[in-house]
Structures are given as C-alpha cells and as structure tokens.
Amino acid sequence: MTEQESGGLARLRRAAGHTQETFVNAFRQESARLGVAAAVSVRQLRRWESETPPPLPHPGRQAVLEAMFGMPLAEMGFDVPGHRVTVAAPISDAGEVKRRTFVADAGALAAAALLPAAPGPRIGTADLGRLREHLDGLYQTDHTAGSVPAGTQAERIEAEITRALSSASYTSGVGRELQTMLAELHGHRAWYGYDGGRIAEGRAACMEALAAAQLVDNPLLQVSVLETLVLLAVRAGRSWEAASAVENAYRLATRAGAGATVHLVIALRDANVATHAGDLSGARRALSRAVSYQGRADADADVPNWAGFVGPFEVDYATADMYVRADQPKRAVPFLRAAVRGIGGGLARNSASYRVKLAGVLLAAGEVDEACAEVGGVLDTWGGIASPRLLGKVHDFQRAAGVVDSPTARECVARIRETV
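As recorded in an unreviewed UniProt entry, the protein chain goes by the name Transcriptional regulator, listed as coming from Streptomyces spongiicola.

Here is the structure:
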C-alpha cells in the first residue's frame, strides 16, 4: 500500500525525516518519555494523513503529537473543539482557562519543527554506508599494517563524523548511528594507545568511548571498550580496574544476549587479568571457560567486528602466557607454536607479534637457533607493519639474545639492529 500524504501532519512527518513506520516507533518512544498511555498504528496514522477532516486524536495522543512537533494540534490540520485547543501564551497568564498552554510562540515552534537546526548538508543512509565502510576498514588496516597507519585513518574519519554531528542536518536515527560510530572510533583510539604504549591516552579514549556507548544504550559496544580497558589497566598496574572491567563486560554481554564469541573474548581477558595478578588457578578457570565458549562459537549467527579476530589460536596464546608467568617456558612452547600456526595470514600484525613471543620463549627454553629463525621470519616482512608494541617486543628479544654466547644469536642481533 502506498502512503497517502495530503494533510499537514504528513508534511510535518516528512520534514522530521520519518516514514510512516519510523514515525510509529518515534511516537511510542515519546509517549514513554511523557508517561502517557498512548500508541498509534501505521493504519491510524494513514487515516490522520489522508482523511478530510482527519479523525481527532484522543487527549493522550494529542499530548504526544504536540510534544513531537512542538505545535498545537489545531495547527496540524485537525478540527479541535474549544475545550481541547492548546493556546500559545505564558503559563502564568492562563488564569482560569481550562486549556493546556504552550510556553512559547506557536509560530516559532512550527518553524523549529520544519527547519533543521543547522544549515549544513543533509546526512542520509548513503553517507552512513560510506562512513561505516571506512570505519570497518580500520580493523583490516590495523591487522595488516599496524596501529600507526590505522590511527591516521581514524583521525580523518573522526573529524568527518564530528563535523557531521556538529553542522549537518539528519534524522534522529541517523544521528544515533553517527554517535555510535563516534563511540567505536574512541574505542579504536583506545587500542592504538595500548599498542603505542600511550597508556594514559588510551585510558582517556576508553572513558570517552564508554560514555558515548552508554548514551546510545549499546551494551555490546560497551563490552568492546571494556575488553580494551582490561589490557590498558593491566599495563598500568591497575589490577582492580581490570577485574572490574571483566565483571562489567560479563554483565553487559548477558544483558545483550551475546553469543559464545563475545563471551570467549571476555574469558580471555579474564585469564589475562588472573595471569598478570599471579592467580594461576583463576587463569586456569578462565581458560576452561574460554575453551567451552570456543566450542560453541561456530553456532553464532552474528559476530561483532571487534570480536572477529578471536579464535582457537587466542586460547593457545593465553595458555602459553599462563605457563610463561609460571616460569615454565618449555610447557608454553607447544601452545605458542599452535597459536602461530593457527592465526592465519589475515592478521599480519598479530602473527608477527606471536612469532616474536614464541622466539622469546624458545630463547628462554634454550632453543637459540629456532628462536632466531622465528625472528628472522618476522624481519623478512618488517617493512609492512608499523606497530610500536611489536617494535618493543623485538627490542626485548634483541636485549635477551644479546647476552647469549652464540654465533646465531649474535647474527640475529646484528640483523635486528640493521632492520629495525
């Protein structure tokens, strides 16, 4: 059925950027805010917009319509009886008139409803699609080329979104999506702070991202920020903050009905917190949960972009980390080898990081030649990745290998110095 939009209400609805379907949803939300027991169907809205004269809304619906458009019902094209007319006058001057009173000039309210607050360009769904494509592309850039080029791209995208929010014209739905994207960008900046060793900067970005995600009431987006906050808090020595972030992430994931993959990410962060706190029993429990979630992850119908990196290799890596913390490098080696084999070529930065980690553990286990071979493989592709955290790991290996009395180690140290 096609929309019939001949009345004044139809013009107001279109000017507000609503279809008949989205208007019905907005009406329901406004009635909830007002505490008014009123609802409208698309069928009823079509009657209001097409019939002459349109049927008079009952008082509850009248209150919601006037709040949504900021003008008296009579100016929307309805034939309103005298006792239901809303007047435009100061409330203190209403006297004994038993009529609801607008607190501002009705003409000004009508103009505000019809005209955008800002004279900038119109932002629509096509613009959102383009911005979303660029935003999602940050994951690929970070995974393949590192956080430095990804951070440069993020700055440009953030500037465009902020400019749109500040000066463009858009519907409430588009505005909400723009704010959601901005929250995601703050989350990206938090990760870049972690990867770049700028911990205070990363934590500040986390706080911005959390606030923005709460404003758009997106629990899964909050979980994505909290899992990065865990890493930052651990690096800052704030174990209590990291543990609290894990607990809140579990709570939000349950509230959102998240799948096994999201819970897997949280369990891995839980293991990370326990490992760095020296709570190896807690780390084993968290890793057992992670294995359970991993076994169910294939059944997830919809996995958020930020959780797309996770897989069995992450569980192997976290298990190896636990053994390294327990000063058992030989037990960590098979798990790190499995992680390196399983990570795949699409995550070049993580793959290089895993190989350097494996090299360091092999070196600690006395496997000097194999350790240097792993680092050599990373150096073969070094020019394509710009990650301060990866660079720091290579320098750590360089220092550790520098005290080993071995021709292979000396050659490896010299190559690191020349390449990096």
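Once that is clear, we can look at the overall build of the protein chain. Regarding its fold elements, the protein chain presents 19 helices and two strands. Taken over 420 residues, the protein chain has a buried fraction of 48%. Put simply, 61% of the contacts in the protein chain that link residues at least 6 apart link residues at least 24 apart. Split by element, the accessible area of the protein chain, about 20,100 Å² in all, is 53% carbon and sulfur.

Here we take up helix H12 (residues 260-276). The end-to-end C-alpha distance of H12, which contains 17 residues, comes to 24 Å, matching closely the 24 Å that a straight helix rising 1.5 Å per residue would cover. Of all the 17 residues making up H12, 16 are buried; the element is thus mostly covered by neighbouring parts of the structure. Where H12 terminates, the next one or two residues include Gly278, which has phi positive at roughly 80 degrees.

Our focus in this paragraph is the nonpolar core. Ranked by internal contacts, the top residues of the largest apolar core, which has 99 residues, are Ile161, Leu178, Val223, Ile266, Leu268 and Phe397. Once residues within four sequence positions are removed from consideration, Phe397 is found in contact with Ala359, Gly360, Leu363, Ala371, Cys372, Val375, Cys412 and Ile416. Within the second largest apolar cluster, 17 residues are counted, among which are Leu9, Trp48, Leu65 and Phe78.

The next subject is the state of the cysteines. In a disulfide, the sulfur atoms of two cysteines are held together by a covalent bond. With the rule as written, the count across this model stands at zero disulfides. For Cys372, which is in no disulfide, the shortest distance to another cysteine sulfur is to Cys412 and amounts to 3.8 Å.

Our next topic: the confidence of the model for the protein chain. With 89% of its residues at a pLDDT of 70 or more, the protein chain has an overall mean of 86. Between residues 1-6, whose pLDDT stays under 50, and residues either more than four places distant or in other chains, the model counts 15 contacts. The model gives residues 104-118 a pLDDT under 50, and that stretch makes 18 contacts with residues more than four places away or in other chains.

To continue, consider the side chain of Glu227. Along the polypeptide, Glu227 turns up in helix H10 (residues 219-235). For Glu227, the side chain forms a polar contact with the side chain of Arg269, separated by 2.8 Å. If near-sequence neighbours (up to four positions away) are discounted, Glu227 is found in contact with Val265, Arg269 and Trp306.

Helix packing geometry: the angle between the two helix axes and the distance between the axes. Interhelical geometry of helix H18 (residues 388-402) versus helix H19 (residues 407-419) gives an angle of 145 degrees and a closest axis separation of 9 Å. The way H18 lies across H19 gives a crossing that is left-handed. Across the interface between the two elements, Val394, Phe397, Gln398, Ala401 and Gly402 from H18 touch Ala409, Cys412, Val413, Ile416 and Arg417 from H19. When grouped by side-chain class, the residues that make up the contact of H18 with H19 number seven nonpolar, two polar and one charged.

Here we take up the pattern of salt bridges. All told, the structure shown has 22 salt bridges when counted by the stated rule. For the salt bridge of Glu208 with Arg189, the shortest nitrogen-to-oxygen distance reads 3.2 Å. Placement of the pair is Glu208 in helix H9 (residues 199-215) and Arg189 in helix H8 (residues 172-195), with a sequence separation of 19 residues. Overall, Glu208 belongs to the partly exposed group, its relative accessible area being 40%. In this structure Arg189 comes out as partly exposed when scored by relative accessible area, which is 22%. Ionic pairing is found between Asp217 and Arg255, a salt bridge with its closest N-O pair at 2.6 Å. Here the residue Asp217 occupies a position in the loop between H9 and H10, and Arg255 occupies one in helix H11 (residues 239-256), the gap between them amounting to 38 residues. For Asp217, a relative accessible area of 47% gives the class partly exposed. Through salt bridges with shared partners, a single ionic network connects Arg132, Asp136, Glu177 and Glu184.

Under the defined criterion, the tally for this structure stands at six aromatic pairs. Each member of the aromatic cluster is reached from another via a ring pair, and the members are Phe313, Tyr317 and Tyr354.

Moving on, we get to unusual backbone geometry. Residue Pro53 is bonded to the preceding Thr52 through a cis peptide linkage, with omega at -10 degrees. For Pro53, the position within the fold is in the loop between helix H3 (42-50) and helix H4 (59-69). Backbone geometry places Asp217, a non-glycine residue, at a positive phi of 55 degrees. Phi at Asp327 takes a positive value of approximately 60 degrees, unusual for a residue other than glycine. One can find Asp327 in the loop between helix H14 (312-325) and helix H15 (329-342).

Next up on the list: the environment of Ala320. By the element assignment, Ala320 lies in helix H14. Owing to a relative accessible area of 0%, Ala320 belongs among the buried residues under this scheme. Between the alpha carbons of Ala320 and Arg337 there is a distance of 9.5 Å; along the sequence they are 17 residues apart. In contact with Ala320, not counting residues within four places along its chain, are Ala332, Phe335 and Leu336.

By volume, the largest pocket is sized at about 1,300 Å³. Every residue lining the largest pocket is counted, 49 residues in all, and those nearest its centre are Trp191, Tyr194, Leu231, Tyr317 and Arg389. Per-element tally for the lining of the largest pocket: the top contributor is helix H16 (residues 348-364), with ten residues. Here the lining of the largest pocket is composed, by residue class, of 23 nonpolar, twelve polar and 14 charged.

Rules and cut-offs
- One numbering rule holds for all chains: residues counted from 1, following each sequence as written.
- Only residues with pLDDT of at least 70 are given local features in this predicted model, and only at 80 or more are side-chain atom pairs given and counted; all residues enter the totals for whole chains, interfaces and linings.
- The basis for the side-chain values is all heavy atoms of the structure; hydrogens and waters are excluded.
- In DSSP terms, a helix is any run of H or I states spanning at least four residues, a strand is any run of E spanning at least two, and both are numbered starting from the N terminus.
- Only protein chains enter the accessibility calculation, which uses a 1.4 Å probe; a residue is then buried when its area is under 20% of its type maximum, exposed when over 50%, and partly exposed in between.
- In this analysis, two residues are considered to be in contact whenever any of their non-hydrogen atoms come within 4.5 Å of each other.
- Method for areas: the Shrake-Rupley scheme with a 1.4 Å probe, in which residue coverage is limited to the protein chains shown.
- Every helix has an expected span of 1.5 Å times one less than the residues it contains.
- Within this scheme, the nonpolar core is defined by two criteria: the residues are buried Ala, Val, Leu, Ile, Met, Phe, Trp, Tyr or Cys, and they are joined through side-chain atoms within 4.5 Å.
- Cysteine sulfurs are considered disulfide-paired once they come within 2.5 Å of each other.
- By definition, pLDDT measures how confident the predictor is in each residue, and it falls between 0 and 100.
- Polar contacts here mean pairs of N or O atoms no more than 3.5 Å apart (in protein, one a potential hydrogen donor and the other a potential acceptor; neighbouring residues in sequence count only if both atoms are side-chain atoms).
- The angle between two axes is taken between their N-to-C directions and runs from 0 to 180 degrees, where each axis is a line fitted to C-alpha atoms and a helix contributes only its stretch in contact.
- Handedness of a crossing is defined here by the sense of rotation of the near helix relative to the far one, left-handed for an anticlockwise turn of less than a right angle and right-handed for a clockwise turn.
- Lys, Arg, Asp and Glu make up the charged group, whereas Ala, Val, Leu, Ile, Met, Phe, Trp, Tyr, Cys and Pro make up the nonpolar group; the residues left over, Gly among them, are polar.
- Salt-bridge detection follows one rule: a side-chain nitrogen of Lys or Arg within 4 Å of a carboxyl oxygen of Asp or Glu.
- Ring pairs are drawn from Phe, Tyr and Trp, using the six-membered ring of Trp, whenever the two centres fall within 6.5 Å, and their geometry is named by plane angle: stacked under 30 degrees, edge-to-face over 60, tilted for the rest.
- The definitions used throughout rest on a 1 Å grid laid over the protein atoms alone, on which a cavity is an enclosed set of points accommodating a 1.4 Å probe that cannot get out and a pocket is an open set flanked by protein within 12 Å on both sides along at least five of seven lines; lining residues are those having an atom within 4 Å of a point.
- Grid points are joined across faces, edges and corners, and a volume is the space filled by probe spheres set on the points.

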